[in-house]
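# Per-entry structural report
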Amino acid sequence: MAETWSGEFYCVKCKEKREATGEIRVNDKGTKMAKAVCPVCSTNLNRILGKA
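Since we're looking at a predicted model, the values are computed, not measured.

Below, the discussion takes up the overall build of the protein. Counting secondary structure elements, the protein contains zero helices and four strands. Its C-alpha radius of gyration of 11 Å places the protein within 12% of the 10 Å reference for a compact globule of 52 residues. Viewed in the frame of its principal axes, the protein has a C-alpha envelope of about 30 × 20 × 15 Å. Out of the 52 residues in the protein, the part that is buried amounts to 25%. For the protein, restricting intrachain contacts to residue pairs at least 6 apart in sequence, the fraction spanning at least 24 positions comes to 24%. Accessible surface for the protein amounts to roughly 3,900 Å². Of this, 48% is attributable to carbon and sulfur atoms. In the protein, which carries 10 positive and 6 negative side-chain charges, the distance between the mean positions of the two groups comes to 6 Å.

As structure tokens, this is what we get:
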């Protein structure tokens, strides 16, 4: 099971902060990112969490 993160994401389309739960992924540079979907407009949300 993948690691998850719950918290606030900023939706660029809605221009508001949204509460969501997302899957944590590590990008090529080694930075942890949480990816989720906006519950209002269904846009992809990203949150940078820091170094892995």
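There is more to say after this.
A few words now on the side chain of arginine 18. In this structure, arginine 18 sits in strand S2 (residues 16–26). Ignoring anything within four residues of it in the chain, the contact list for arginine 18 reads Gly7, Glu8, Phe9, Cys11, Cys38, Pro39 and Val40.

With that out of the way, let us pick up the packing of aromatic side chains. Counting across every chain of the model gives one aromatic pair. With a centroid separation of 5.5 Å and 80° between ring planes, the pair formed by tryptophan 5 and phenylalanine 9 is classed as edge-to-face.

Conventions and cut-offs
- By convention here, each chain's residues receive numbers from 1 onward along its written sequence.
- Thresholds applied to this predicted model are a pLDDT of at least 70 for local features of residues and 80 or more for the giving and counting of side-chain atom pairs; totals over whole chains, interfaces and linings are not thresholded and use all residues.
- The basis for every side-chain value is the complete set of non-hydrogen atoms in the structure, without hydrogens or water.
- To qualify as a helix, a DSSP run of H or I must reach at least 4 residues; to qualify as a strand, a run of E must reach at least 2; elements of each kind are numbered from the N terminus.
- Within these notes, the globule rule equals 2.2 Å times the number of residues to the 0.38 power, and the radius of gyration is based on C-alpha atoms.
- For the exposure calls, accessible area comes from a 1.4 Å probe over protein chains only, and a residue counts as buried if that area is under 20% of its type's maximum, exposed if over 50%, partly exposed in between.
- For this analysis, residues touch if any pair of their heavy atoms sits within 4.5 Å.
- In this description, accessible areas are obtained by the Shrake-Rupley approach with a 1.4 Å probe, and a residue is regarded as covered only by the protein chains that are shown.
- Positive charges are assigned to Lys and Arg, negative charges to Asp and Glu, while His and the chain termini are left out of the count.
- Charge positions come from single atoms, namely NZ of Lys, CZ of Arg, CG of Asp or CD of Glu.
- Only centres within 6.5 Å qualify two rings of Phe, Tyr or Trp (six-membered ring in Trp) as a pair; their planes then separate them into stacked at under 30 degrees, edge-to-face at over 60, and tilted for everything else.

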